[in-house]
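# Fold and contact review
The primary structure of each chain is shown beneath.
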Amino acid sequence: MSKIVIVGAGYAGMMAAAHLDREGIPFTIVNNHDYHYLTILLHEAAGGRDAGEKYAIPIKEVLRKDTSELVVAEVTGIDKANRVVKTSTGDISYDYLIYSLGWVSEYFGIKGLKEYSLSITNLDSAVEIRKHIDNQFHLYTQDGDERHLRIALGGAGLTGIELMGELLDYLPKLCKSLNIPWEKVDLQCIEAMPTILPMVAEHLRPFVVETYTKKGGKLRTNTKINEVTEGVIHLDGGETVEAGTIIWTGGVRANPLLSESGFTVDRRGRAKVNEFMQSVDDEVIFIAGDSAWAEDANGRPYPPTAQNAEQMGALAAKNILLRERRRPMEPFHPRDWGTLCSLGAEVGVGSFMGVPIKGVMGALAKEGSKAKYLWELGGMRLAGNRSKYVMKL
């Protein structure tokens, strides 16, 4: 059997690994941690719903066959000519490579944004955001400076809106524990576009605005960030927002290793693939998840969603096995289950299989999607073991 190497243990990488593990096919997965974290739930850890470790799953809890090898190392490069993955602990050769390293934050050239804002890029960063907010509120009890109580979120996409919902649940409890009047807290989400949540049906967005406004949050659309300095957001028109906590959730791009390694990439750094998830630059390299520039039949790029990443990863692994067995590979035709956005622990909004939902039903659907993923990744065993940590029903 040819040597298969997977880099990255995100949704795509783990689904590829789980497929090979179930088949008993030897492979090596390289990741910079010995755990897989639930990326689309990191807003819960950052926003105070639960402890960060509950969103981490040990990779060896999923991959149980002796044929599955885990290497904990940082991937530093891809040498296509010699078929080698370069890592912090040495080179790893491959016959087939599944690249799924995921994304980094996109700052769109806004001066000072990277240097003076926080961002949810991994589990550690989510935990640090929670600690930072707690520390700011404690500082207020010492010096009375209300800037400590101002939290500004940049970007009203899925991550920004979901994080805001968690904070609107958590912050009143934090205020109560520290004897801080809730009305002194200023939580605002700043969005340059005229609307929030472009991935959610337009008629559902007013429900989000109403829900957050009633809880004390502020959603500011058509508001462009020009620059960020330490503790200050400079808006178009001259207004400034002084905040003890500035969090950027406004965009992502693929890991720069793809462009650095000579792959054909789009403006977001994603590597172009064909319908079988093969790199257009190298037929033995399959690219999946947020790293893949994959297009539908009309030439439109598929969005970088977790459900697409899961399906890409599984297909990449399957197509490698089909290729090895000299059978026709299968094209990527993903199933769209819909988009769900939590607005805190008890309310949600979005669609499921084409049906719009909001309120409590939205929250229940979001919780159910967690169990669905765990079951797809590791079957009943993993869903039974892990659902109790990440689901709140």
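Residues numbered from 1 in each chain as written. Predicted model: local features only at pLDDT ≥ 70, side-chain atom pairs only at ≥ 80, totals over all residues. Heavy atoms only, no water.

### Here's the deal with the sheet that holds strand 15 (residues 225-229)
Heads up, the condition is: Should DSSP find at least two bridges between two strands, the strands are taken to pair. Helical segments are the DSSP runs of H or I of at least four residues, strand segments are the runs of E of at least two, and each set is numbered from the N terminus. Orientation is described by axes fitted as lines to C-alpha atoms, over the contacting stretch for helices, and by angles from 0 to 180 degrees between their N-to-C directions.
The sheet built from three strands is open, its strands ordered 15-16-17 with antiparallel pairing. What marks the edges here is a single partner per strand, and that holds for strand 15 and strand 17 (240-242). Across the sheet, the mean angle separating the axes of adjacent strands is 20° when strand polarity is ignored. With four bridges connecting them, strand 15 and strand 16 (residues 232-235) associate as antiparallel partners. Bridge pairing in strand 16 links glutamate 227 to histidine 234.

### Section: the side chain of glutamate 310
Inclusion rule: Between two residues, a contact is recorded if the distance between any of their heavy atoms is within 4.5 Å.
Note on placement: glutamate 310 falls in helix 9 (residues 306-324). If we ignore the near neighbours within four places in the chain, the residues touching glutamate 310 are Tyr11, Met15, Tyr373 and Glu376.

### Side note on the domain arrangement of the protein
To be explicit about the condition: The start and end points of each domain follow an automatic or database-based domain assignment. Salt bridges are defined as contacts in which a side-chain nitrogen from Lys or Arg sits within 4 Å of a carboxyl oxygen from Asp or Glu. Any pair of nitrogen or oxygen atoms within 3.5 Å is treated as a polar contact; in protein, a donor-acceptor pairing is required on top of that, and neighbouring residues in sequence qualify only through side-chain atoms on both sides. By the convention adopted, Pro, Cys, Tyr, Trp, Phe, Met, Ile, Leu, Val and Ala count as nonpolar, Lys, Arg, Asp and Glu as charged, and the other residues, Gly among them, as polar.
According to the domain assignment, the protein consists of domain 1 (4-105 + 252-335) and domain 2 (118-248). Each of domain 1 and domain 2 has a C-alpha centre, and these two points are 32 Å apart. Every contact between the two is made by 18 residues of domain 1 and, on the other side, 15 residues of domain 2. Where domain 1 touches domain 2, the interface holds one salt bridge. A salt bridge links glutamate 166 to arginine 49, with the shortest nitrogen-to-oxygen separation between them at 2.6 Å. Here domain 1 is connected to domain 2 by three residue pairs in polar contact (both at pLDDT 80 or more). For the side of domain 1 that touches domain 2, the secondary-structure elements that each account for two or more residues are strand 3 (35-37), helix 2 (42-47) and strand 10 (103-105). For the side of domain 1 that touches domain 2, the residue count by class is nine nonpolar, six polar and three charged.

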